Amino acid sequence: MSEETEAAVVKAAKLINEAERPVLIAGHGVLASHAWDELMELAEATGIPVINTLLGLSSFPRNHPLSLGMLGMHGMYWSNIVVDQADLVVGLGMRFDDRVTGKASTFAPHARIIHLDIESSQVGRNVPVEVPLVGDAKVIMRALVPLVKNVDRPEWMSYIEGLKKDHPSLAIPKTDKLLVQHVLSEMNELIQENPESVIVTGVGQHQMWAAQFLFFNGHNTFVSSGGLGAMGFELPAAMGAQVGQPNVPVWSIAGDGGIQMTSQELATVAQENLPVKIALINNGYLGMVRQWQEMFFENHLKEVPIPGPDFVKLSQAYGIPAMKVTHQEDVMPALRKAQAHDGPYLIEFVVDPSVNLYPMVPPGGSLGETMEDPLTVGATTS
């Protein structure tokens, strides 16, 4: 580590120790450097809450009391407001892209920013940075931990708990219909039984709901297409994850649009007998596009209803067992049946097509303007 970097680490530690409303934001760089132990040490040494970017999920255990989940365009309401009100933001292995910041000029308006990134050109590129930390996340966090203090911040932590109680982003609207949220809430219960379970998603509404509802407690257990946002990613990427982790449960959470881009890979899944489990969320739409057309284009729906095959018959045609689920009470039995099957399995969940994804930062908006689900506003957690 250079003298310049060592001096920056000392300065960063001083800002962390003096901060009254600090927050850590951990991105994929933490996973790339295998720095999850150092992240845990830093969080517990300082008592500072940890927020994740989409691709940083599974770098910090979601069941940990300091974990606040994801921030950004579809992040937790409380996570977004915490960043908006923080006086210190420590970005660890993340790039402050627009899906995280919202309107960049309004990002964390009260905060000094420390930015750790291995690529110097990324530091200060999107938001002004007071302390640049350029280098490997594992090395720099290891140097930072001995210099920080565990400062008691009761007002800040109480404020955060109040946000979580009064703005429950994971509240599910009351309905007899099957919602995506029901499926993923039940799946979360299943993966808690084996924290090493790997979840792979496609791109769209189901991707964001998975990032919200699934609590990852194993390291590097969430695989998703972030920057490129490639629909169809969910099936071939799950195959790769299963080959790489042959003794670990791997679930592909797929959209009915994305899976039609790579469904031919079911042939490879069958040929190699890869025990990938596919949770296909079928709402009959390109859901994210439909939501934007509804909310921001006066409900002028264009090219968003998406026809598809009978997915159960398609799967069975490849010799892969499959079933269709349409009711809430059948979700967990179906998940357990698939999980127990020795080989690949597909479940088609036919869900309400009208449900919109919240929380949401509106286009051009700041994190402080995060919109909540109008169907659950006013709900509280005990």
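The rules behind these values
- Residues numbered from 1 in each chain as written.
- Predicted model: local features only at pLDDT ≥ 70, side-chain atom pairs only at ≥ 80, totals over all residues.
- Heavy atoms only, no water.
- UniProt positions renumbered as here; feature names shortened; annotations may be inferred.
- Axes fitted to C-alpha atoms, helices over the stretch in contact; angles between N-to-C directions.
- Helix = DSSP H or I, 4+ residues; strand = E, 2+ residues; numbered from the N terminus.
- Parallel < 35°, antiparallel > 145°, perpendicular 65-115°, else oblique.
- Left-handed = near helix turned anticlockwise from the far one by under 90°.
- Contact = heavy atoms within 4.5 Å.
- Nonpolar A, V, L, I, M, F, W, Y, C, P; charged D, E, K, R; others polar.
- Pairing = 2+ DSSP bridges.

- Per an unreviewed UniProt entry, the protein goes by 2-hydroxyacyl-CoA lyase 2 and derives from Geodia barretti.
- The UniProt entry for the protein carries this comment under Sequence similarities (unreviewed entry): "Belongs to the TPP enzyme family."
- If you open the UniProt record of the protein and go to Cofactor (unreviewed entry), you find "thiamine diphosphate".

1. Some remarks on the packing of helix H8 (residues 180–191) against helix H9 (residues 205–213)
Then comes step 1: Orientation of H8 relative to H9, taken along the N-to-C sense of each, is 40°, at an axis distance of 9 Å. When the interaxial angle is binned, H8 and H9 end up oblique. Judged by the twist between their axes, the crossing of H8 over H9 is right-handed. On H9, the residues that touch Val180, Gln181, Leu184, Ser185 and Asn188 of H8 are His206, Trp209, Ala210 and Phe213.
Then comes step 2: Split by residue class, the contact of H8 with H9 holds 5 nonpolar, 4 polar and no charged.

2. Side note on the sheet that holds strand E12 (residues 345–350)
Then comes step 1: The strand order across the open sheet formed by 6 strands is E8-E7-E9-E10-E12-E11, and the pairing between neighbours is parallel. What marks the edges here is a single partner per strand, and that holds for strand E8 (222–223) and strand E11 (322–325).
Then comes step 2: Sheet topology places strand E7 (residues 198–201) next to strand E9 (residues 250–255); 4 bridges connect them, and they run parallel. Paired with Val200 across the two strands is Ser252, which belongs to E9.
Then comes step 3: Sitting on the sheet, H9 is in contact with E7, E8, E9 and strand E10 (277–282), with an inclination near 140° to E9.
Then comes step 4: Sitting on the sheet, helix H15 (residues 331–340) touches E9, E10, E11 and E12, and the angle it makes with E12 is about 165°.

3. Some words on the UniProt feature "domain: Thiamine pyrophosphate enzyme TPP-binding" (unreviewed entry) in the protein
Then comes step 1: Residues annotated by UniProt as "domain: Thiamine pyrophosphate enzyme TPP-binding" (unreviewed entry) correspond here to residues 202–349.
Then comes step 2: Annotated as residues 202–349, this span is 39% helix and 16% strand, and its ends, taken at the C-alpha atoms, are 15 Å apart.

4. Let's talk about the sheet that holds strand E1 (residues 22–26)
Then comes step 1: Taken together, 6 strands build an open sheet; the order of strands is E3-E2-E1-E4-E5-E6 and the sheet is parallel. Both edges of this open sheet fall to strand E3 (67–70) and strand E6 (131–134), since each of them pairs with a single strand only. Direction aside, neighbouring strands of the sheet carry axes that sit 15° apart on average.
Then comes step 2: The sheet contact formed by strand E5 (residues 112–117) and E6 spans 4 bridges and is parallel. Within E6, the residue paired with Leu116 across the bridge is Leu133.
Then comes step 3: Along the sheet face, helix H1 (residues 3–18) touches strand E4 (88–92), E5 and E6 and points at about 130° away from the line of E6.
Then comes step 4: Along the sheet, helix H6 (residues 137–144) contacts E4, E5 and E6; its crossing angle with E5, the most-contacted strand, is approximately 130°.

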